[in-house]
Amino acid sequence: MYVAQPIAWTEAGVVMLDQRRLPAEEISYTYTDYRDVAKAIREMVIRGAPAIGVAAAMGVALAARHSPAKSVAELRAEMPAIYDLLAKTRPTAVDLFWALERMDRKFNELLSANADLDTIRREMVAEAKLVHLEKKATDEAIGRFGAAFMPKEGLVMTQCNAGALATAGIGTALGVIRVAVEQGKNLHVLVPETRPYLQGARLTAWELLKGGIPLTLITDNMVGHFLKTAQVKAIVTGADRIAANGDTANKIGTYQIAVLAKENNVPFYIAAPISTFDLAIPDGDSIPIEERSAEEVTHIQGVRIAPDVPAAHPAFDVTPARYIAGIITERGVAHAPYAEALRDLATTPRPALSTAH
Ligand code: MRU
């Protein structure tokens, strides 16, 4: 089945598919400067929590590889500014900070081992490639655990885009649907368009079409109607950050879908890697919500659709844990009470994820 490739490390640099242009055009850019990678994350050339993490790891690797530093000490002095620029690109998705911490840990290990400059440059690139490979293996494990929660046949719903474009693997929520279909389940996906950035209409619809999975695109204000009348059997979405009590930030609109799901007795699942957990924060109230430009609300693809009035654009909302039937991860599925279940999953010894490809 077709799997989109939003990002790849190549000898020429980091190649990214411009998700702002999909589905109309498939255009890629090659970046050799970490500052351009930071801009690409901020401006949504690449988006989706795990894919942002992969991009950040590759940004750090590019910085190490192309730094003008002539000594390990000079490179070390440059690193804080590199992490800082990448960390300031998008505030909600915790995968970004997870990836930067991981790259920093690797850098410090290399320093402790007295690695020389060439070795550090090479090993930082290898670590970023490993982050990417592990994301792919993680998605596949999430898909296997999650497929069991999909019905044998019928309608399922998602939100935003939590597919290959968003993870650089097979996707989390769409990975669950994809594996279920590969297992022979006969699913039809209801795809809310996901205003204002239209990740559902532009990206999820494109991925499902390319993958040959039947779908129907709906506008966001049709969600309640279809949950009440259309026998939707399950909903699965991704996540940008999961607090210690299970409260989950995801694309704006997810909260209302979860509430309507409860009202209509439709199970609502989150599919996300453990790198999305933020167990240091007690609940969803502490999750920083990115505020994006009002122009993304007043305009669609550059065309003004509203008069020149104030508009709000919180890019994410928080779904309280009580609306979530299960959180599907690469190590298994957490159910309420989440505090204990998430802690157990996070501290389970890491199984040997197969990264062989
Ligand atoms: O603003 P975006 O497009 O980066 O938001 C993406 C989402 O909200 C996804 O659902 C989430 O990152 C999970 S992606 C597997």
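Analysis parameters
- Residues numbered from 1 in each chain as written.
- Predicted model: local features only at pLDDT ≥ 70, side-chain atom pairs only at ≥ 80, totals over all residues.
- Heavy atoms only, no water.
- Near = heavy atom within 4 Å.
- Polar contact = N/O pair within 3.5 Å; in protein donor to acceptor, adjacent residues only side chain to side chain.
- Areas by Shrake-Rupley, 256 points an atom, 1.4 Å probe, with all protein chains shown as cover.
- Helix = DSSP H or I, 4+ residues; strand = E, 2+ residues; numbered from the N terminus.
- Nonpolar A, V, L, I, M, F, W, Y, C, P; charged D, E, K, R; others polar.
- Domains from an automatic or database assignment.
- Salt bridge = Lys/Arg side-chain N within 4 Å of Asp/Glu carboxyl O.
- Buried < 20%, exposed > 50% of the residue type's maximum accessible area, 1.4 Å probe, protein only.
- Pairing = 2+ DSSP bridges.
- Axes fitted to C-alpha atoms, helices over the stretch in contact; angles between N-to-C directions.
- Contact = heavy atoms within 4.5 Å.
- Parallel < 35°, antiparallel > 145°, perpendicular 65-115°, else oblique.
- Left-handed = near helix turned anticlockwise from the far one by under 90°.

A. How the structure looks around the site of the ligand. Within the structure, the ligand sits among 19 residues, and Arg47, Arg90, Gln199, Asn250 and Lys251 are positioned closest to it. In the model, an oxygen atom of the ligand is placed 2.9 Å from a nitrogen or oxygen of the Gly48 main chain. Within the side chain of Lys251, one N or O atom sits 2.7 Å away from an oxygen atom of the ligand. Considered on its own, the ligand offers 410 Å² of accessible surface; in the complex 100% of this is hidden by protein. Secondary-structure elements contributing two or more residues to the shell around the ligand are α2 (49-66), α6 (164-167) and β9 (248-251). By residue class, the composition of the shell around the ligand is eight nonpolar, seven polar and four charged. Split by domain, the residues of the shell around the ligand number at least three in each of domain 1 (7-140) and domain 2 (145-347).

B. Structural context of the pattern of salt bridges. Enumeration over the complete set of coordinates arrives at 16 salt bridges. Where Lys135 meets Asp95, a salt bridge forms, and the shortest distance between an N and an O atom there is 3.0 Å. In this pair, Lys135 is assigned in helix α5 (residues 117-147) and Asp95 in helix α4 (residues 94-112), connecting sequence segments 40 residues apart. No difference in accessibility class separates Lys135 from Asp95, as the two residues are buried. Where Arg292 meets Glu296, a salt bridge forms, and the shortest distance between an N and an O atom there is 3.1 Å. A single burial state applies to Arg292 and to Glu296, both of which are buried. Beyond isolated ion pairs, a larger network of salt bridges with shared partners links Asp18, Arg20, Lys39 and Glu43.

C. Geometry of the sheet that holds strand β6 (residues 215-218). Across the sheet, seven strands lie side by side as β6-β5-β4-β7-β10-β15-β16; this open sheet has mixed pairing. On the outer flanks of this sheet lie β6 and β16 (332-334), each paired with one strand and no other. Neighbour to neighbour, the strand axes of the sheet diverge by 25° on average, direction disregarded. Here strand β5 (residues 186-192) pairs with β6 via four bridges, running parallel. Opposite Pro192, over in β6, you have Ile218 as the bridge partner. Sheet contacts for α5: β10 (268-271), β15 (326-329) and β16; angle to β15, the most-contacted strand, approximately 140°. Sheet contacts for helix α10 (residues 254-263): β4 (153-157), β5, β7 (232-237) and β10; angle to β10, the most-contacted strand, approximately 140°.

D. A look at the packing of helix α1 (residues 34-42) against helix α3 (residues 72-87). The N-to-C vectors of α1 and α3 enclose an angle of 20°; their axes lie 9 Å apart at closest approach. On the basis of the axis angle, α1 is roughly parallel to α3. The hand of the α1/α3 crossing is right-handed. Of α3, the residues touching α1 (which contributes Tyr34, Arg35, Val37, Ala38 and Ile41) are Ile82, Leu85 and Leu86. Taken together, the residues of the contact of α1 with α3 break down into seven nonpolar, no polar and one charged.

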